[in-house]
Amino acid sequence: MLRIEDALNLVLEQTPEATNNKEEVPLADALGCVLRQDIFSDLDLPPFDRARMDGYAVRSVDIVRATADAPAQLQEIGEAAAGQAFSGFVGVNEAVRIMTGAPVPAGADSVQKIEVISVNDRLVQIYEPTKPLQNITPRGVEAKAGNLILESGAIITPAVAAVLASFGYAMVEVAHRPKLVLLSTGDELVEVWEKPSTAQIRNSNTFSLAGYAQNAGAEVLSAGIVRDDFQETKLAIAEAAMMADVVMLSGGVSMGDYDLVKPALSELGAEIFVEKVAMHPGKPTVFAKLGKTLIFGLPGNPVSVAVAFHLFARPALLKMQGASEWHLPRVMAKAAAKVKGAPPRRSHQPARLVLRNGVVEVEPLKWAGSSDVVAFMQADALIVIPEDRKGYDAGELVEVILLK
Ligand code: AMP
Ligand code: MG
């Protein structure tokens, strides 16, 4: 049985890293993809000194003595709105009416908010002084033209997409999404729209795995149920391997009489690198290669499949796309309750982060074992319990993998 690190190394060694893997796509299609170009700002951001408030653009020296009883009196000379600059100059005792987002006119050094101003005809009475730069976001404080903003390898999150949009990246170079075929093995499986009879269950892994894979940038080409039949399993794997970069199976990798994934892989001539990992849940995780296609044989149980996906398949998918980070973030947190380990295997206990007395703690979920989809729905973290630990007590500091 391999240690998790050794199994992961084998997986990553066999995973090609994106080198010339790139294509240009419209920004709107790039969410979730991995950037394959460095991103530079083409302009200062903001591109002009920008008002942060609705009010009046003024010279702070003109209103330095303004009070509630003795307002400063200025002359309104024009207006600046978002998208519409005031082209004149603000001189002594002059003010320009200004809206949030508008360029601050030349001569003014601050914006006073409308709430402390009264206007009568063009006479502007200001009841509070401003400091220079008050309520102004100066040109270029967010980014300067020509700055390196983001390096190749970043994942295009919604926040990253906003940055790309700001700097004019209508088209963006990203890694090809790995093409992935999902096969759920099991005679007991029925489709989601079917009513399971005795001894049957609905296929749920296809839906979790498709989502996890898409979140890791993959394109799911097809997904289906494969019966526990040797020929059918072999054929399904062979067909999938011809069209996909990655084939991901669930189930059929334990020690039962109908666990046919490994024998099918062997007969197809696939090279099997991993067939058991010292972890709980997820021990029977299989990793193989058939030609250039990576094959993950993930355990059938819904929680095991999720854990194994995140530990092994997700890093591989991200590596294939040239991502700069392949692993989920890990943090230390206080255990909110006792949690049991599974020596000599390393355990990953589904858990959720909770706020207790203003402090983040991690609470192991009550689960009925690795088939418990209902409990796992609550999980946003996994508590890592080392192979030599029987468990942790409430209050102990534990390592946590963040799933979201
Ligand atoms: P196996 O590895 O094929 O022995 O499956 C282990 C357990 O996971 C069994 O209880 C299966 O019924 C269950 N299982 C396998 N595939 C799925 C699936 N696609 N959706 C939900 N449960 C599954
Ligand atoms: Mg099975």
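Residues numbered from 1 in each chain as written. Chains lettered and ligands numbered in written order. Predicted model: local features only at pLDDT ≥ 70, side-chain atom pairs only at ≥ 80, totals over all residues. Heavy atoms only, no water.

### Points about the environment of Gln214
- Of note, Gln214 is situated in helix α3 (residues 205–215).
- Sequence-wise, Gln214 and Gly32 are 182 residues apart; in three dimensions their C-alpha atoms are separated by 7.9 Å. (Helix = DSSP H or I, 4+ residues; strand = E, 2+ residues; numbered from the N terminus.)

### Let's talk about the site of ligand 1
- Within the structure, ligand 1 sits among 17 residues, and Glu188, Asn203, Gly252, Ser254 and Gly300 are positioned closest to it.
- One nitrogen or oxygen atom from the side chain of Asn203 is found 2.9 Å from a nitrogen atom belonging to ligand 1.
- Separating a nitrogen atom of ligand 1 from a backbone N or O atom of Ser204 is a distance of 3.1 Å.
- Here ligand 1 has 490 Å² of accessible area as a free molecule, and 79% of this is covered by the chains.
- Listed by contribution, the elements that provide at least two residues to the shell around ligand 1 are β13 (179–185) and β15 (201–202).
- Of the residues belonging to the shell around ligand 1, the class tally is three nonpolar, eleven polar and three charged. (Near = heavy atom within 4 Å. Polar contact = N/O pair within 3.5 Å; in protein donor to acceptor, adjacent residues only side chain to side chain. Areas by Shrake-Rupley, 256 points an atom, 1.4 Å probe, with all protein chains shown as cover. Nonpolar A, V, L, I, M, F, W, Y, C, P; charged D, E, K, R; others polar.)

### Observations regarding unusual backbone geometry
- Cis peptide bonds are those with omega within 30 degrees of zero, and the linkage from Leu45 to Pro46 qualifies with -10°.
- Secondary-structure assignment places Pro46 in the loop between β2 (39–40) and β3 (50–51).
- We note that Ala199 has phi near 75°; this positive angle belongs to a residue other than glycine.
- Within the element layout of this structure, Ala199 appears in the loop between β14 (189–190) and β15.
- Despite not being glycine, Asn357 shows a phi value in the positive range, around 50°.
- Judged by its relative accessible area of 80%, Asn357 is exposed. (Buried < 20%, exposed > 50% of the residue type's maximum accessible area, 1.4 Å probe, protein only.)

That is the geometry; function is a separate question.
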